[in-house]
Amino acid sequence: MRRAVCPGSFDPVTNGHLDIIGRASRLFDEVIVGVLINQSKQGLFSVDERIDMLREVTSCYPNVRVESFRGLLVDFCRAQRAEVLIKGLRAVSDFDYELQMAQMNIGLAGVETLFMPTNPLYSFLSSSLVKDVAKWGGDVSAHVPDLVVRHLRERLGAPPEG
């Protein structure tokens, strides 16, 4: 079975993430979306909330499952019996960082990294940017699933007065 891991914090999941997950689901028998638990960083959404949102928005892909992990990504890959990581690249600056990580992962555990160029529609998109725009009342509905829009509105409420 060809199994791959698509890791990230997904705080929140964006249409760019979903594009990479959907494309990976056509290439592999199983794609495991790995949600990083980073206790030194406070996210807008809890890990459980992120997992719930991801499970709902990826439910159209029968070969995608969502799990959380902490620690080294290669250890998670070993535990999942996945030999490939899927990483979306938005720009050259992403490649510089991701190449170092890929070289470390192959050296540590023989885990290969497949880089997928992001659809140009999503090349500027990041979870941080979505949160910033939503915090100030901007419309992010073109960049995240409807479910995420609702969760952002519930979490952030009305934008602060300027």
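Placed above this text is the structure.
Definitions and limits used
Residues numbered from 1 in each chain as written. Predicted model: local features only at pLDDT ≥ 70, side-chain atom pairs only at ≥ 80, totals over all residues. Heavy atoms only, no water. Helix = DSSP H or I, 4+ residues; strand = E, 2+ residues; numbered from the N terminus. Expected span 1.5 Å × (residues − 1). Bend = angle between axes of the 7 residues up to and from the residue. Buried < 20%, exposed > 50% of the residue type's maximum accessible area, 1.4 Å probe, protein only. Contact = heavy atoms within 4.5 Å. Pairing = 2+ DSSP bridges. Axes fitted to C-alpha atoms, helices over the stretch in contact; angles between N-to-C directions. Core = buried A, V, L, I, M, F, W, Y, C linked by side-chain atoms within 4.5 Å. Phe/Tyr/Trp six-rings, centres within 6.5 Å; stacked < 30°, edge-to-face > 60°.

Undergrad: Break down helix H4 (residues 92–109) for me, citing the residues and quoting the values.
TA: For H4, with 18 residues, the first-to-last C-alpha span of 25 Å sits near the 26 Å given by 1.5 Å per residue. When the local axis directions of H4 are compared, the greatest deviation, roughly 25°, occurs at Glu98. Among all positions in H4, only Asp94, Glu98, Ala102 and Asn105 are buried. Close packing links the buried residues of H4 with helix H3 (73–80), strand S4 (84–89) and strand S5 (112–117). At the exit of H4 stands Gly110, carrying a positive phi of roughly 70°.

Undergrad: Report on the sheet that holds strand S2 (residues 30–36), specifying residues and quantitative values.
TA: Overall, parallel pairing links the 5 strands, which are arranged S3-S2-S1-S4-S5 in an open sheet. In this open sheet, the two strands that pair with only one neighbour each are strand S3 (64–69) and S5. Across the sheet, the mean angle from the axis of one strand to that of its neighbour is 30°, orientation sign disregarded. Judged from the 2 bridges that link them, strand S1 (residues 3–8) and S4 form a sheet pairing that is parallel. From the neighbouring strand, Val5 faces S4, where its bridge partner is Leu85. Sitting on the sheet, helix H1 (residues 15–27) is in contact with S1, S2, S3, S4 and S5, with an inclination near 125° to S5. Its contacts with the sheet put H4 on S4 and S5, and the angle it makes with S5 is roughly 160°.

Undergrad: An account of the nonpolar core is requested, with residue identities and associated values reported.
TA: Of all hydrophobic cores here, the largest spans 33 residues; its most connected members are Ile21, Leu54 and Ile86. Going through the elements one at a time, S1, H1, S2, helix H2 (47–57), S3, S4, helix H5 (127–135) and helix H6 (146–156) are the ones with two or more residues in this core. With 5 residues, the single largest contributor to this core is H2. Discounting chain neighbours no more than four positions away, the residues touching Leu54 are Phe10, Val13, Ile21, Val33, Val35 and Val66. Counting 10 residues, the second largest nonpolar core, distinct from the first, contains Ile32, Phe69, Leu73 and Phe76.

Undergrad: Before we move on, can you summarise the packing of aromatic side chains with the specific residues and values?
TA: In this description, a pair of aromatic rings is defined by centroid distance and the angle of the planes. Using the criterion set out here, one finds 2 aromatic pairs in the structure. A ring pair is formed by Phe69 and Phe76, whose centres lie 4.7 Å apart and whose planes are at 20°; its orientation type is stacked. The exposure classification of Phe69 matches that of Phe76, with both residues buried. Ring centres 5.5 Å apart and planes at 70° place the aromatic pair Phe95 and Phe115 in the edge-to-face group. One end of the pair, Phe95, is in helix H4; the other, Phe115, is in strand S5, and 20 residues separate them in sequence. Residue Phe95 is classed as partly exposed on the basis of its relative accessible area, which comes to 31%. Overall, the relative accessible area of 24% leaves Phe115 in the partly exposed class.

Undergrad: Describe in detail unusual backbone geometry, supporting the description with residues and values.
TA: Excluding glycine, residues mostly carry a negative phi; peptide bonds, for their part, are mostly trans. In this structure, the amide linkage connecting Asp11 to the following residue, Pro12, adopts the cis form with an omega of 0°. With respect to the helices and strands, the residue Pro12 is situated in the loop between S1 and H1. The phi torsion at Arg81 lies on the positive side, around 55°, for a residue other than glycine. The residue Arg81 is located in the loop between H3 and S4 in this model.

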